[in-house]
Amino acid sequence: QVQLVESGGGLVQAGGSLRLSCAASGSIFSINAMGWYRQAPGKQRELVAAITSGISPNYADSVKGRFTIARDNAKNTVYLQMNSLKPEDTAVYYCHANARIILGTYDAWGQGTQVTVSS
């Protein structure tokens, strides 16, 4: 199977920056797509940014121009650089990966990392 380990969350003031990292490991042939979702209290989980092999990254409208997703294929790692953070970016951020494994494809989720932006 596939395991995802996230890091980089924390507390930051509005206007500040954070960088999230997510490393995938396990019996992986290749990774089709990796991305970040977030869930704020009382709200549904929503896509923040995703990057698929051979396709331009996809961003939520609310983060375009502020967040950048990048992927290191050699390390099976995805990063989310978050700049100009706003209090409304406060949420638990989850890493997601869709990977090819021996039995087909597998959707993996990280444990979540808290991002808190103070005003």
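Up top is the structure these notes are about.
Notes on the structure follow.

Criteria and cut-off values
Residues numbered from 1 in each chain as written. Predicted model: local features only at pLDDT ≥ 70, side-chain atom pairs only at ≥ 80, totals over all residues. Heavy atoms only, no water. Helix = DSSP H or I, 4+ residues; strand = E, 2+ residues; numbered from the N terminus. Buried < 20%, exposed > 50% of the residue type's maximum accessible area, 1.4 Å probe, protein only. Polar contact = N/O pair within 3.5 Å; in protein donor to acceptor, adjacent residues only side chain to side chain. Contact = heavy atoms within 4.5 Å. Salt bridge = Lys/Arg side-chain N within 4 Å of Asp/Glu carboxyl O.

Focus on the side chain of His96
Structurally, His96 can be placed in strand E9 (residues 91–101). Judged by relative accessible area, His96 falls into the buried class, the value being 13%. Engagement of the side chain of His96 in a polar contact is seen with the side chain of Asp107, the distance being 2.8 Å. Among all residues touching His96, those that are not within four sequence positions of it are Leu4, Ala33, Met34, Gly35, Tyr37, Asp107, Ala108 and Trp109.

A word on the pattern of salt bridges
Following the criterion strictly, the structure yields four salt bridges and no others. For the salt bridge of Arg38 with Glu46, the shortest nitrogen-to-oxygen distance reads 2.7 Å. Overall, the relative accessible area of 35% leaves Glu46 in the partly exposed class. With a closest N to O distance of 2.8 Å, Asp89 and Arg66 form a salt bridge. With a gap of 23 residues between them, Asp89 in the loop between strand E8 (77–82) and E9 and Arg66 in the loop between strand E6 (58–59) and strand E7 (67–72) connect regions that are remote in the sequence. Among the charged side chains, a salt-bridge network with shared partners connects Arg38, Glu46, Arg66 and Asp89.

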